[in-house]
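Given next are the chains, with one letter for each unit.
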Amino acid sequence: MNWTWFHRLGSPPSFYRFAGRLAPWLGGLGLLLLAYGWYAGLVLAPPDYQQKDAFRIIYVHVPAAAVSLSLYVLMALAGAVALIWRMKLAEAVMVATAPVGASFTALALVTGMLWGKPMWGAYWVWDARLTAELVLLFLYCGVIGLNAAFDDARAGARACALLAIVGLVNVPIVHFSVEWWNSLHQGSTILKFGKPAISADMAWPLYAGLLATYCLCGHAILRRAQNELLLRERNTRWVRELATELGGGARVS
Amino acid sequence: MTKRQKRMAAVAALVAGLALAAVFGFTAFRKNMMYFYTPTDIVEHKVADNARLRLGGLVTVGSLKRGDGLNVEFTLADCEKSLPVRYDGILPDLFREGQGIVATGQMKDGVFVADEVLAKHDENYMPPELAKSLKTADGRHSCAPFKSVMQAAN
C-alpha cells in the first residue's frame, strides 16, 4: 500500500494548505444546509401531535448532542495517533477539537434543559443520560484545562491524549444509557435499528441539520488546527516564509 | 517490539482495561443506575414498604379520576403489574392517559402517594393527522422503556 499521501498530509505545511482549501467549502456547505434545515424544520415541518411546536428543539438539540459524541471520538483518536506516532498534526487536531466539542456539549445540555422544563416538568434530573452527558462536558473541560496548564505544548498534548483516551469509555455510556437503564430521557429516534420513529417531513430537515452541523464543526476544527499549527511551528522556516509571503514582518513569534 | 509498537500495545491495553472495568462496574451496580422503580417491583415487595422512591410507568387508559382542586388519582402500569397512585399538585402539560410518567413519593396503605410527577416522553414524533390514523400510537406509549429494576439486577 502506498502511504505517501498520508505522510504528506501529516506534514504541517501540507496540512495547513490542504485545510485552507477545504475549510471554506465545508463552511459554505454547512451554512447552506443549515439554512435549509432550520427553515424546513422550524417553519415548514408540521407540529408534533403531542408536543406541538416544542418538539422543534430537536433541530438544534439532536445535532448538538450527536457532534458532542462524534467529536469526542475524533479527539481521542487524534490523541491515540499523537501518543503512538508522535505526530504533531494529530496533537494540533486534538487540541483544536476540544473547545468545539465542549461548546456543542454545552449547547446540547442547555437546549435539553429548556425543553425539559415545559415537557417533563423539570430542567434537570440526575438520570443516566443527563449525568453522562454532563461528565462528557467535564472531560472536554479537563482536556482544555490540562492543555493550558503545560508550558511545553508537546508534553501537554501527551497528557491531554491520555485523558481523552481514558474518557472514551464514557461515549458508549452516553449513547446506550437510555437502553441499558431506566431513564427519564427518551430513547434514540434515528440512531437505532429498524425504522426511524419520526415521520419523513420532520426527519429530512433533521438530517440536513445534522449534516450541516458536522460540516460547520469540520470547518471550525480545520481553522483552529491551522492556528494551532502556526503557533506550535512559529519558529520553523515554513511559517516564516508564509508570514513573509503574506506581507507581514518576517518575525512571527 | 519497536517503541512504537509498545506504545500501540499500551494504548490498546488502556482502552480494553477501562472498557472491562466499566462493564464489570456497571453490571454490578446496574440497579443503582436505574432512575425509577416500576409497579412490578413494588407489587412483588422487592422494595422496603415505606421507602421514598421514584416510580415509572404508563397512566392506564380509563383510570384517571380528578378530585377536589388539583387532586388526581390514577393507575400506573408497566408491562406486567399496576398500582394506584394519588397526587395533589401541578401536572406537566404532557400528562394524560396512556402517557409515560415518573412519580416521586412513597407507598401508604396500598396507594402510591406522589409529591412530584414528571412526564417521560417517548421517541416517536409525528404530525397530528398521522397520530389520528394510527390508533395504537395516538395517546398510547409503549411499556417497554419501563424495565423492572429487580429483574434487571438478576
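Note that this is a predicted model, so its numbers are computed, not measured. (Residues numbered from 1 in each chain as written. Chains lettered and ligands numbered in written order. Predicted model: local features only at pLDDT ≥ 70, side-chain atom pairs only at ≥ 80, totals over all residues.)

(A) Representation of the overall build of chain B in the model. Counting its secondary structure elements, chain B contains 5 helices and 6 strands. Listed by position from the N terminus, the elements making up chain B come as α-α-α-β-β-β-β-β-β-α-α. In chain B, buried positions account for 29% of the 154 residues. Once local pairs closer than 6 in sequence are excluded, the contacts in chain B between residues at least 24 apart make up 53%. (Helix = DSSP H or I, 4+ residues; strand = E, 2+ residues; numbered from the N terminus. Buried ≥ 20, exposed ≤ 12 C-beta atoms within 10 Å, placed from the backbone. Contact = placed C-beta atoms within 7 Å.)

(B) Fine view of the pairing of strand β6 (residues 111-120) of chain B. Residues and elements named next belong to chain B. As defined by bridge partners, strand β4 (residues 82-88) adjoins β6 across 3 bridges and the pair is classed as parallel. Bridge pairing in β6 places Val85 opposite Phe112. In this structure, strand β5 (residues 100-108) lies alongside β6, joined through 9 bridges in antiparallel fashion. Counted as the bridge partner of Ile101 is Ala119 from β6. As consecutive antiparallel partners, β5 and β6 are separated by 2 residues, and within that stretch Asp109 has a phi angle of approximately 50°, a positive value. (Pairing = 2+ DSSP bridges.)

(C) Just the domain arrangement of chain B, in detail. What the domain assignment reports for chain B is domain 1 (1-33) and domain 2 (35-153). Relative to domain 2 of chain B, the C-alpha centre of domain 1 of chain B lies at a distance of 38 Å. (Domains from an automatic or database assignment.)

(D) Representation of the confidence of the model for chain A within the structure. Confidence in the prediction for chain A averages 92 pLDDT; 95% of positions are at 70 or higher. Looking across chain A, the model is least confident in helix α1 (residues 4-10) of chain A, with a mean pLDDT of 78, and most confident in helix α5 (residues 128-149) of chain A, with 97. (pLDDT = per-residue confidence, 0-100.)

(E) Geometry of the packing of helix α3 (residues 58-85) of chain A against helix α1 (residues 3-28) of chain B. Two elements in contact, α3 of chain A and α1 of chain B, have axes whose closest approach is 8 Å; the angle formed by their N-to-C orientations is 145°. In this structure, α3 of chain A contributes Ala80, Leu83, Ile84 and Trp85 of chain A to the contact, and α1 of chain B contributes Arg4, Arg7, Met8 and Val11 of chain B. When the residues that make up the contact of α3 of chain A with α1 of chain B are grouped by side-chain class, the tally is 6 nonpolar, no polar and 2 charged. (Axes fitted to C-alpha atoms, helices over the stretch in contact; angles between N-to-C directions. Nonpolar A, V, L, I, M, F, W, Y, C, P; charged D, E, K, R; others polar.)

(F) View of the interface of chain A and chain B. On the side of chain B, 35 residues touch chain A, which itself brings 32 residues to the contact. When contributions to the side of chain A that touches chain B are tallied by element, the ones reaching two or more residues are α3, α4 (88-119) and α6 (153-167) of chain A. Here the side of chain A that touches chain B takes 4 residues from α3 of chain A, the largest share from any one element.

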